[in-house]
Structure formats: structure tokens, C-alpha cells
Amino acid sequence: MFDVLRPRDGDLTKTNRATGEFSNAFVAETISGYGDESGSLTAAYIGKLRGPAGDNPSIRVVRLLARFFEVPAGYFVEDDVTERIVGQFQLVQHLHDQGVKNLAMRAAGLSPASKEALLKMIDAARALEGLPETPDTLA
């Protein structure tokens, strides 16, 4: 989640300036501010969870992280949920690419036959560039 999500408002005080990811401190501070049921988490603990050795967080911590990232708690424990959500985030990242967004917006309202013709043109362009017919992240 740290790899794909960024602050919606672009506020750099919420991020690790080197990576652009949410900072451990911001995540810990936000989660700790959820109220009595959340308890408190430290930036060091968030860092430990993210580290190579990781940690096995409690269900409470999993739920809090899920709340912060606005995903189902199953994202952190169920492979099929993780794969589905990662695919959705990757799609959103592709749509943020201005060229892809432009293509999608211009195709809106076209007839099914015209959309099919556009898909065939895109497939031909991908083949010319040696790319697979469908990007792995959208398959």
C-alpha cells in the first residue's frame, strides 16, 4: 500500500520526501488519532511492520491499517483480495498517465463498433512495439 498510495492532497508533510510514500510517522499519528478503540501506534512500529523481517500484527492493527488505506482488512491476509486490489490500484495509476486518460475520455460515448475498432488499433500498436496484447497489470 505504501508503494501505490500517495496523499490525495499532495501534502508533502505526510510523506517520506525521498520516496513520496506516506511516512511511518504520519500513518502512526493518523491511526493514533482514530480514537480510544485504536490505541496508539508508533512510527517505529510501522517501520518494523514494513521491514524485511516484518512482524505479525494483531487483528486490531490490521484493521487500523486497512482503515488508513481505505481497503478491506482482507487485503493484508488474503492473497486473492490483495491481488484484486493491487490490480485496481495499478489500473488507477495507468489512468493517471495523461495519455491513457486522454484515450479513455475520447472513447466515451462511441458506439460499441467504434470502440472495438479502437481496441484493434491499440492491439496493432502494441504488437508493433513488441508489447503483449494486454498489459500484465490489467489482465
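Residues numbered from 1 in each chain as written. Predicted model: local features only at pLDDT ≥ 70, side-chain atom pairs only at ≥ 80, totals over all residues. Heavy atoms only, no water.

## Here's the deal with the pattern of salt bridges
Evaluation of the coordinates by the stated rule reveals 1 salt bridge. The shortest N-O distance in the salt bridge between E21 and R50 comes to 2.7 Å. Of this pair, E21 sits in the segment before helix 1 (24–32) while R50 sits in helix 2 (residues 43–50), and the two are 29 residues apart along the sequence. (Salt bridge = Lys/Arg side-chain N within 4 Å of Asp/Glu carboxyl O. Helix = DSSP H or I, 4+ residues; strand = E, 2+ residues; numbered from the N terminus.)

## Considerations on the nonpolar core
Grouped together as the largest cluster of nonpolar side chains are 20 residues, with contacts concentrated most on F22, V27, I31, I46, L65, F68 and F69. At the level of elements, helix 1, helix 2 and helix 3 (59–69) are the ones that each hand at least two residues to this core. If one sorts the elements of this core by residue count, helix 3 sits on top with 6 residues. What F22 contacts, discounting residues up to four positions off in sequence, is F2, L5, R6, P7, K14, T15, N16, V27, R50, F68 and F69. (Core = buried A, V, L, I, M, F, W, Y, C linked by side-chain atoms within 4.5 Å. Buried < 20%, exposed > 50% of the residue type's maximum accessible area, 1.4 Å probe, protein only. Contact = heavy atoms within 4.5 Å.)

## Thoughts on the confidence of the model for the protein chain
Of all residues in the protein chain, 78% attain a pLDDT of 70 or more, and the chain-wide mean is 80. When pLDDT is averaged over each helix and strand of the protein chain, the minimum, 66, is found for helix 4 (residues 79–96) and the maximum, 91, for helix 1. (pLDDT = per-residue confidence, 0-100.)

## Quick look at the packing of helix 1 against helix 2
Following both chains from N to C, one finds helix 1 and helix 2 inclined at 115°, their axes separated by 8 Å at the closest point. Pair helix 1 / helix 2 crosses with right-handed handedness. Between helix 1, through N24, A25, V27 and A28, and helix 2, the contact on the second element is made entirely by A43, I46, G47 and R50. Partitioned by chemical class, the residues of the contact of helix 1 with helix 2 number 5 nonpolar, 2 polar and 1 charged. (Axes fitted to C-alpha atoms, helices over the stretch in contact; angles between N-to-C directions. Left-handed = near helix turned anticlockwise from the far one by under 90°. Nonpolar A, V, L, I, M, F, W, Y, C, P; charged D, E, K, R; others polar.)

## With respect to unusual backbone geometry
We note that E70 has phi near 60°; this positive angle belongs to a residue other than glycine. Take E70: it is sitting in the loop between helix 3 and helix 4. The exposure class assigned to E70 is exposed, which follows from its relative accessible area of 54%.

## Thoughts on a nonpolar patch on the surface
Nonpolar side chains collect at one region of the surface, where L103, L119 and I122 lie side by side and expose about 290 Å² of accessible area between them. Within the secondary structure, L103 sits in helix 5 (residues 98–107). Judged by its relative accessible area of 57%, L103 is exposed. (Patch = residues over 30% accessible without salt bridge, like charges linked within 9 Å, V, L, I, M, F, W, Y side chains within 5 Å. Areas by Shrake-Rupley, 256 points an atom, 1.4 Å probe, with all protein chains shown as cover.)

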